[in-house]
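Below, each chain spelled out in residue letters.
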Amino acid sequence: MKTLLPTSTAGSLPKPSWLAEPEKLWSLWKLNGEELIQGKQDALRLSLHDQQHAGIDIVSDGEQTRQHFVTTFIEHLSGVDFEKRKTVKIRDRYEASVPVVVDAVSRQKPVFVKDAKYLRSQTKQPIKWALPGPMTMVDTLYDDHYQSREKLAWEFAKILNQEAKELAAAGVDIIQFDEPAFNVFFDEVNDWGIAALEKAIEGVSCETAVHICYGYGIKANTDWKKTLGSEWRQYEEIFPKLQQSNIDLISLECHNSRVPIDLIELIRGKKVMVGAIDVATDKIETPEEVADTLRKALQFVDADKLYPCTNCGMAPLPSRVAKAKLNALSAGAELVRREL
Ligand SMILES: [Zn+2]
């Protein structure tokens, strides 16, 4: 990566209102069949354009082709019944209707590879592609078959590894695994969560990242954050082992959070995607606020390893807010670049 402080987003961006109901998670598609396929491609191009217009350096599909960052991937696997849904409590926090594992899971065909090739054909910029992490997948479904979170995570890791290798071959530069569950189940993360993640990235030819946040800006998450006290030290539980892992980049929530920024010291040596945009508020950051977060992070990350980013996905935000936040991220990163 030639640019210093290359900017990117954690992943999802708002969908156009003609494709799916905006400002909502698990929003239903408004199109069907061939129209839906074409509509998703059009939305991907629009999302790419918004990122490029804002000057984002590492671009993505804005997750325009998926309804949800976890369930859409799971629904493409065999062994999962996605018509007979069950309600589970996700990350011990909020209830959601999720698919059921009824048999051994496997990937009969690629899930996102076609979409990634399409994005690749639209830009020469570095591209990042998000996949759910094994632990977060396990936590976002109902298991009626394995009866073991660890065993199921291991099966998912093998499947993710197949997908990741094909995404890398399709020209993806960074594959990011979303693991918000890492911020909740510390013992499991250290017992088998990071091992499963390393299985997922084994032999993958491009760079790999893990995104660990405090979730989308939805009420269940903001309510949970209120219970976490004045200092959020969750990262402290998992950083030592992550620092020892083979993952290249770690994507974190920072701005407006109560994460003590010096915890980043625990992953010294890793590239760090520093969340400098709060996705839980419509208030637009000023470039100076973004720069301030980045300057604080620079005390603990070498400049060539700092990747300015958003705290999490922006899918639930109004489109104009998300665009303005992308602009703020770019402008803030530029302020700090000039100081270096
Ligand atoms: Zn996130």
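Model, not experiment: these values are computed from the prediction.

(A) View of the overall build of the chain. Secondary structure assignment for the chain yields 10 helices and 9 strands. Its C-alpha atoms give the chain a radius of gyration of 19 Å, near enough to 20 Å, the size a compact globule of 340 residues would have. With the principal axes as the frame, the chain shows a C-alpha extent of 55 × 45 × 40 Å. Counting all 340 residues of the chain, 48% fall into the buried class. The long-range fraction of contacts in the chain, counting pairs at least 24 apart against all pairs at least 6 apart in sequence, stands at 77%.

(B) Expanded view of unusual backbone geometry. For R91, which is not glycine, the phi torsion reads 45° and is therefore positive. In this structure, R91 sits in the loop between strand 1 (78-90) and strand 2 (94-106). For D92, which is not glycine, the phi dihedral falls at a positive 60°. Along the chain, D92 falls in the loop between strand 1 and strand 2. The exposure class assigned to D92 is exposed, which follows from the 10 C-beta atoms found within 10 Å.

(C) View of the nonpolar core. Membership of the largest hydrophobic core comes to 103 residues, with the highest contact counts inside it found for V172, I175, I250, V272 and V274. For this core, the leading source of residues is helix 5 (residues 149-169), giving 9 residues. Dropping the residues within four chain positions of it, V274 is found in contact with L252, C254, T293, L294, A297, L306, Y307, P308 and C309.

(D) Spotlight on the pairing of strand 2. When strand 1 meets strand 2, the two strands line up antiparallel, connected through 8 bridges. For D81, the partnering residue across the bridge sits in strand 2 and is V100. The loop that links strand 1 with its antiparallel partner strand 2 comprises 3 residues; one of these, R91, has a positive phi angle of about 45°. Direction of pairing for strand 2 relative to strand 4 (residues 142-143): parallel, over a ladder of 2 bridges. By the bridge assignment for strand 4, V101 is matched with D143.

(E) Broad picture of the sheet that holds strand 4. Reading across the sheet, the 3 strands line up as 1-2-4 and stay open at both edges, with mixed pairing between neighbours. Of all strands in the sheet, those bounded by a partner on one side alone are strand 1 and strand 4. Sheet contacts for helix 5: strand 2 and strand 4; angle to strand 2, the most-contacted strand, approximately 75°.

(F) Quick look at the packing of helix 5 against helix 6 (residues 186-201). In contact at an axis separation of 7 Å, helix 5 and helix 6 are set at 25° when each is read in the N-to-C sense. On the basis of the axis angle, helix 5 is roughly parallel to helix 6. Helix-helix and strand crossings are classified by hand; for helix 5 and helix 6 the assignment is right-handed. Within the contact between the two elements, helix 5 uses R149, E150, A153, W154, A157, K158, L160, N161 and A164 and helix 6 uses E188, W192, A196, K199, A200 and I201. Its residues placed into classes, the contact of helix 5 with helix 6 shows 9 nonpolar, 1 polar and 5 charged.

(G) Representation of helix 9 (residues 287-297) within the structure. Every buried residue belonging to helix 9 is among V290, A291, T293, L294 and A297, and all of these are buried. The arc that holds the buried residues of helix 9, viewed along the axis, is 160°, so those residues lie on one side. Looking at the buried side of helix 9, the elements it contacts are strand 8 (271-275), strand 9 (306-309) and helix 10 (319-339).

(H) Local environment of the sheet that holds strand 5 (residues 174-178). With respect to topology, 6 strands assemble into an open sheet ordered 3-5-6-7-8-9, the strand pairing being parallel. Only two strands of the sheet have a single neighbouring strand rather than two, namely strand 3 (128-132) and strand 9. Here the strands of the sheet are splayed against their neighbours by 25° on average, with no regard to which way each runs. In terms of strand pairing, strand 6 (residues 207-212) meets strand 7 (residues 249-252) through 4 bridges, oriented parallel. Pairing of H211 across the sheet is with S251, part of strand 7. Sheet strands in contact with helix 5 are strand 3 and strand 5, and its direction is about 170° off that of strand 3.

Thresholds applied
Residues numbered from 1 in each chain as written. Predicted model: local features only at pLDDT ≥ 70, side-chain atom pairs only at ≥ 80, totals over all residues. Helix = DSSP H or I, 4+ residues; strand = E, 2+ residues; numbered from the N terminus. Rg over C-alpha atoms; globule rule 2.2 N^0.38 Å. Buried ≥ 20, exposed ≤ 12 C-beta atoms within 10 Å, placed from the backbone. Contact = placed C-beta atoms within 7 Å. Core = buried A, V, L, I, M, F, W, Y, C linked by C-beta atoms within 7 Å. Pairing = 2+ DSSP bridges. Axes fitted to C-alpha atoms, helices over the stretch in contact; angles between N-to-C directions. Parallel < 35°, antiparallel > 145°, perpendicular 65-115°, else oblique. Left-handed = near helix turned anticlockwise from the far one by under 90°. Nonpolar A, V, L, I, M, F, W, Y, C, P; charged D, E, K, R; others polar. Arc of directions from axis to C-beta.

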